[in-house]
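# Breakdown of the fold
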Amino acid sequence: MGAYLVRRLLLAIPTMATVYTVAFLLVHATPGGPWDNAEKPLAPQVIENLRVKYHLNEPLWAQYILYLRDAVHGSLGPSYVNTARDVSEIIADFFPVSIQLGLVAMAFAVVLGIPLGTLAAVYRNTPVDYLSMGIVVTGISIPNYVVATILVTVLAVVLHWLPTGGWGGVLDVRVIIPAVAIGLRPATTLARYLRASLLEVLGQDYIRTARAKGLARRAVILRHALRNALIPIATVSGILVADVVTGSFFVETVTRVPGIGRYFVTATTGRDYPVLLALALLFSVVIITMNIVVDLSYAVLDPQVRYG
Amino acid sequence: MSDTSMRFPWDSYYRRGSISRRQLLKLTALLGSTAAVGSAVVAEPQPAAAALAPPAKQVLRYPNFEPLHFDPATMESRPEILVGMALFDPLLTFDDAGRAVPVAARSWSVSKDGLAYTFHLRPGMQWSDGHPVTAMDYEYAWKRVVDPDTASDYASAFYPIKGALEFNKGKTKDRNTVAVKATDSLTLRVELAEPAAYFLRLVSTWNYMPVPRWQVEKYGKKWVEAGNHVGNGMFMLQKWEHDRELVIVANPRYWGPKPTLQRVVFTLTDDPFRTSLPAFENNELDVTDQIQPGDIDRVRKDPTLSKQLHKFRWSGTAMMFCDTTNPQSPLSKVKVRQALYLAMDHNKIANEVLRGIYDPAPTITPPGTIGYLSAPPLTGGVDRARQLLAEAGYPDGRGFPEVRLAWPKLVTYDLVAQALQQMWRDTLKINITLQRMERKEFNAAFNSWAKQPYSAYIDRWGSDYEDPANWANILFDSDQDFFHTKWRNARFDSLVRKGSGEADPAKRKQMYESAEKILNTELPAIPIYHLGVIIAVKPWVEGFRLPPAAAAWYGTFGRVKIVER
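Residues numbered from 1 in each chain as written. Chains lettered and ligands numbered in written order. Predicted model: local features only at pLDDT ≥ 70, side-chain atom pairs only at ≥ 80, totals over all residues. Heavy atoms only, no water.

For chain B, the helix and strand inventory stands at 17 helices and 18 strands. Its C-alpha atoms give chain B a radius of gyration of 25 Å, within 12% of the compact-globule value 24 Å for 565 residues. Each of the three principal axes of chain B carries a C-alpha extent, and together these read 75 × 70 × 45 Å. Residues counted as buried form 57% of the 565 residues belonging to chain B. In chain B, the share of contacts with a sequence separation of at least 24, taken over all contacts with a separation of at least 6, comes to 69%. Split by element, the accessible area of chain B, about 22,200 Å² in all, is 52% carbon and sulfur. In chain B, 70 side chains carry a positive charge and 63 a negative one; their mean positions are 3 Å apart. (Helix = DSSP H or I, 4+ residues; strand = E, 2+ residues; numbered from the N terminus. Rg over C-alpha atoms; globule rule 2.2 N^0.38 Å. Buried < 20%, exposed > 50% of the residue type's maximum accessible area, 1.4 Å probe, protein only. Contact = heavy atoms within 4.5 Å. Areas by Shrake-Rupley, 256 points an atom, 1.4 Å probe, with all protein chains shown as cover. Lys, Arg positive; Asp, Glu negative; His and termini not counted. Charge placed at Lys NZ, Arg CZ, Asp CG, Glu CD.)

Here's what the structure looks like:
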């Protein structure tokens, strides 16, 4: 298992290098630069001063090396747009918020998705199944920013039960609207996968054996069927977690959550090159990590899987 | 300048149930008002019967974008300027009537030739950390803006000062060649390269505010963070949680009258246009940001919100800029531009397409700025437009080549561009191709148009300060040609260049009005609408108004009072 982990981590290096190269090229190929202002265009001299200050007057390959060298040494440089702040500071401010929000959303997804999927499978082709799957299809069809907008309008503007937005940590009531909005889709994904996987497991011989032994229906489902049905769910969850912790631009904007998803888009429209590169690298680290975690979790969940 | 609504002071008692509807009507009738209760009524909020809230409740909750910083040298947009002008005192400001009003300077004098300015500071002023405010602080700050190392976007606002241009362009490394000098701790002397009648207007802008040298030197770029930030304004920075909340509080060391308002709590988001209205309705904010065309109809119909609407003039104009030298584009012909202008229904655009959030702009320079014309020089409407188009060689729109109209993505431009396309198709039978661009992409294209030919684009200009030096001179003088219209008119150039140094206000006005007539006849830019600010304000907020140009935002929060709800 240790050797496997080392191999996976080494494999991550070329992946990261590819991500960096592609991101670097894309960022510089996009029309417009950080100082292309039109409402108050800068004097040519001013732009020149800025370009010198941030090494943008150097050839592209030199910039490629310069940034990489700094990044490897842990320095992500200053933001071009928000010149008073460093990129690492910005990430340290925003990323934890998205992680916390993402985890709350994921908890909501599990709490909603697992029972929905289980009920749908156990009561297959009954009104319970139709109702669960109806909820699932609705959840998949509505984009999360629409959910967020509806929740803000109903719960805050009309009923005055909750604030319209803001952020005060995972225990603050303001987490509810964005967490539900972000968590709804993962919940439905989990429910769908679980229903399919549980149906398959329920058809297995060992389930029939368990029932034949006279075990209670409840025990059969919870102890034998559900546990085995959760293995594919672990795979999906890993991807879902990587998705929710990297934030959602729309939901974070609508509900005024200072998260990294929102910052990513702001940085793109502002052509904030160092921030964009740093976030591309950060997101790939998150995804690679989650993939490794998922693979390792198989070993725990499924005794048939062994890593040597 | 609130418009849509003003309640009578006793209206709040009625809504709280302290008085009956009959009493309310009686009180209203007593005043002899013909206005129906509850519908749109009269003028400015009167600091009225309602009692002031106690100091602990003198808090204003205000939406804002995350500001970049509050460093006067590099502040450039509203989120910074609005807060920054509460944190620092400029030497002087201008009132609504256009008179200079002393702030940190007690008085000033100008030499006969208009080249030397001497400012006398008030004695005894202190920074928020107790340091004395001196003329050296201003000298340091001004030289810092033009220092090429600062890379300030606004260095050019200092070019009228002798030596500033050379130092900023790196022709000399000696900052003492910039002719700003504190001759003693309370006297600041400035020499100009040539007379500039608008120099005091420049001095009233945020870039001319002082900077605490000791903090800048101690903390570098981190001096703008809460805890390190030191100012000499009416308020001081107390807390700044990035992208969440920013708090400014009354500065106990301020030299002048103490504000009634004790704190302003800014909720920071990256889209206050969209998020501030629901938060306002849920009573989390006391003021909204600009209400968008998509929301305004609902807000006007809402019985509560409609009474809380305020509209302020904002000195600025959205225009369609044309490349006047591109031989491929029919817009290089004066008569075509005149035809498009005359066929444009300004009222329909402002009142129907934009739902009245902005005002029609028949001429370029906005009201309130010298050179503004109350009546446009070109008249004749659609009939004259068709005739001009025929004279230009396109009778009934025949043979009119493809014209591409570009604009940076923005709700109002999207609406206007589509309306213009429709209008000109209906009246002149010509077709315009629309090209909507992402902001930075547009900006890059815009910068290339200094040299490359193009057809036309929509964009706007908002005043930094209300003076024609901020309009005709920098936008349309052929040497400046800020908007790349490549328009050249010798008489216009000579008028505005003379006007910028003219000390006699009457002569100056005449020069700029003549120039404006030329500009609005040749139309290198076709004016569309004047900017405005339409926001909702809670009834317990009194005295809030936004002056029409950023330089005049000094004192905005100092005027606000919170009354008992």
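On we go.
Here we take up the overall build of chain A. Along the backbone of chain A there are 12 helices and zero strands. Along its sequence from the N terminus, chain A presents helices and strands in the succession α-α-α-α-α-α-α-α-α-α-α-α. Each of the three principal axes of chain A carries a C-alpha extent, and together these read 85 × 60 × 30 Å. Out of the 308 residues in chain A, the part that is buried amounts to 47%.

Before going further, it helps to examine the pattern of salt bridges. Per the stated rule, a full pass over the model turns up 40 salt bridges over all chains. One salt bridge connects Arg195(A) with Asp129(A), and the closest N-O pair in it is separated by 2.8 Å. Of this pair, Arg195(A) sits in helix α7 (residues 176-202) while Asp129(A) is found in helix α5 (residues 127-141), placing the two residues 66 residues apart along the sequence. We classify Asp129(A) as buried; its relative accessible area is 2%. Residues Arg497(B) and Asp493(B) are paired through a salt bridge, measuring 3.5 Å at the closest nitrogen-oxygen approach. (Salt bridge = Lys/Arg side-chain N within 4 Å of Asp/Glu carboxyl O.)

Moving on: the sheet that holds strand β15 (residues 456-462) of chain B. Residue and element names in this part refer to chain B. The six strands lie next to each other as β12-β16-β11-β15-β13-β14, forming an open sheet whose pairing is mixed. Whereas interior strands pair on both sides, the edge strands pair on one side only; in this sheet they are β12 (359-360) and β14 (432-437). In terms of strand pairing, strand β11 (residues 309-322) meets β15 through seven bridges, oriented antiparallel. Directly across from Met 320, in β15, lies its bridge partner Ile 458. Each of β11 and β16 (525-536) touches helix α10 (residues 334-342); the most contacted strand, β16, lies at about 35 degrees to it. (Pairing = 2+ DSSP bridges. Axes fitted to C-alpha atoms, helices over the stretch in contact; angles between N-to-C directions.)

Another point: the domain arrangement of chain B. Along its sequence, chain B is carved into domain 1 (53-89 + 221-288 + 550-565) and domain 2 (313-459 + 501-532). Using only C-alpha atoms to locate each centre, domain 1 of chain B and domain 2 of chain B end up separated by 36 Å. (Domains from an automatic or database assignment.)

Glancing now at the confidence of the model for chain B. All names here are of chain B. Per-residue confidence for chain B gives a mean pLDDT of 89; residues scoring 70 or more make up 91%. pLDDT under 50 marks residues 1-47. Its contacts with residues more than four places away, or in other chains, come to 69 contacts. Model confidence for the complex: the whole-complex pTM is 0.82, and ipTM, which rates the interface, is 0.78. (pLDDT = per-residue confidence, 0-100.)

All names here are of chain B. With six of seven residues buried, β15 is to be regarded as a mostly interior element. Of the strand pairs in this sheet, strand β13 (residues 403-408) and β15 are connected by two bridges, and their pairing is parallel. What sits directly across from Ala 406, in β15, is Tyr 457.

When glycine is set aside, most residues are seen to have a negative phi, and most peptide bonds are trans. Positive phi, close to 60 degrees, is recorded for Asn125(A), a residue that is not glycine. Turning to its location among the elements, Asn125(A) is positioned in the loop between α4 (87-122) and α5. Overall, Asn125(A) belongs to the exposed group, its relative accessible area being 53%. Notably, Leu523(B) is not glycine yet its phi reads approximately 50 degrees, a positive angle. Looking at Leu523(B), the relative accessible area reads 0%, which means it is buried.

Next up on the list: the confidence of the model for chain A. In this model, chain A carries an average pLDDT of 87, and 96% of its residues clear a pLDDT of 70 or more. The element-level mean pLDDT for chain A is lowest in helix α2 (residues 44-53) of chain A, coming to 73, with α7(A) highest at 94.

Here we come to helix α11 (residues 260-269) of chain A. It helps to recall that an α-helix has 3.6 residues per turn; residues three or four apart then point in one direction. Along α11(A), the residues classified as buried are Ile260(A), Gly261(A), Arg262(A), Tyr263(A) and Ala267(A). The elements touched by buried residues of α11(A) are α4, α9 (217-245), α10 (249-254) and α12 (273-301) of chain A together with β10 (263-269) of chain B. Just downstream of α11(A), Arg271(A) is the residue with a positive phi angle, here 55 degrees.

Glancing now at the pairing of β10(B). Residue and element names in this part refer to chain B. Across the seven residues that make up β10, a large majority, six, are buried. Two strands pair when backbone bridges link them, and strand β9 (residues 245-250) and β10 are joined in this way by five bridges, in the antiparallel orientation. Across the sheet, residue Glu 245 finds its bridge partner in β10, namely Thr 267.

Next up on the list: a nonpolar patch on the surface. Residues Ile150(A), Val154(A), Val158(A), Leu159(A) and Trp161(A) make up a contiguous nonpolar surface patch of about 500 Å² in total accessible area. Judged by relative accessible area, which is 56%, Val158(A) ranks as exposed. (Patch = residues over 30% accessible without salt bridge, like charges linked within 9 Å, V, L, I, M, F, W, Y side chains within 5 Å.)

Another aspect to go through is the nonpolar core. Residues Phe119(B), Trp142(B), Ile161(B), Phe199(B), Ile248(B), Phe544(B) and Phe557(B) are the most contacted members of the largest nonpolar core, which totals 141 residues. Of the residues forming this core, the biggest block, eight residues, is contributed by β16(B). Of the domains in this structure, domain 1 (53-89 + 221-288 + 550-565) and domain 2 (313-459 + 501-532) of chain B are the two that each give at least three residues to this core. Not counting chain neighbours up to four residues away, the residues in contact with Phe119(B) comprise Leu91(B), Leu92(B), Ser107(B), Trp108(B), Trp142(B), Leu186(B), Thr187(B), Leu188(B), Val190(B), Phe199(B), Leu200(B) and Val203(B). Core analysis: the next-biggest nonpolar cluster, separate from the first, contains 72 residues, Ile91(A), Ala181(A), Val241(A) and Leu279(A) among them. (Core = buried A, V, L, I, M, F, W, Y, C linked by side-chain atoms within 4.5 Å.)

Below, the discussion takes up the environment of Lys239(B). All names here are of chain B. If you trace the backbone, Lys 239 turns up in strand β8 (residues 235-241). A relative accessible area of 30% places Lys 239 in the partly exposed class. As for Lys 239 and Val 249, which are separated by 10 residues in sequence, their C-alpha atoms are 9.2 Å apart. Those residues in contact with Lys 239 that sit more than four places away from it in its chain are Ala 226, Glu 245, Leu 246 and Val 247. Within the local environment of Lys 239, its side chain forms a polar contact with the side chain of Glu 241, the two groups lying 3.5 Å apart. (Polar contact = N/O pair within 3.5 Å; in protein donor to acceptor, adjacent residues only side chain to side chain.)

This part covers the interface of chain B and chain A. Across the boundary between the two partners, chain B contributes 44 residues, which contact 45 residues of chain A. A combined buried area of about 3,700 Å² lies between chain B and chain A, and 51% of that area is made up of carbon and sulfur atoms. The interface formed by chain B and chain A contains five salt bridges. Linking Arg256(A) and Glu284(B) is a salt bridge whose minimum nitrogen-to-oxygen distance equals 3.3 Å. At the level of elements, β10, α8 (272-281), α14 (439-448) and β15 of chain B are the ones that each hand at least two residues to the side of chain B that touches chain A. Top element by residues in the side of chain B that touches chain A is α14(B). It accounts for eight residues. For the side of chain B that touches chain A, a count of residues per class yields 13 nonpolar, 11 polar and 20 charged. (Buried area = accessible area lost by both parts, 1.4 Å probe. Nonpolar A, V, L, I, M, F, W, Y, C, P; charged D, E, K, R; others polar.)

A few words on the sheet that holds strand β6 (residues 180-184) of chain B. All names here are of chain B. Within the open sheet, the four strands sit side by side as β4-β5-β7-β6. Their pairing is antiparallel. At either end of the open sheet lies a strand with only one pairing partner, and these are β4 (105-110) and β6. Sheet twist, expressed as the mean angle between neighbouring strand axes with direction ignored, is 20 degrees. Sheet topology note: the strand β5 (residues 116-121)/strand β7 (residues 187-191) ladder contains five bridges and is antiparallel. Bridging across to β7, His 120 finds its partner in Thr 187.

Bringing the packing of α11(A) against α12(A) into the picture now. Helices that pack against each other are described as a pair by the angle of their axes relative to one another and the distance between those axes. Residues and elements named next belong to chain A. Relative to each other, α11 and α12 sit at 140 degrees, their axes nearing to 9 Å. When the interaxial angle is binned, α11 and α12 end up oblique. In the crossing of α11 with α12, the sense of the turn from one axis to the other is left-handed. Residues Ile 260, Tyr 263, Phe 264, Ala 267 and Thr 268 of α11 lie in contact with α12, whose contacting residues are Val 275, Leu 276, Leu 279 and Phe 283. Along the lines of polarity and charge, the residues of the contact of α11 with α12 split into eight nonpolar, one polar and no charged. (Parallel < 35°, antiparallel > 145°, perpendicular 65-115°, else oblique. Left-handed = near helix turned anticlockwise from the far one by under 90°.)

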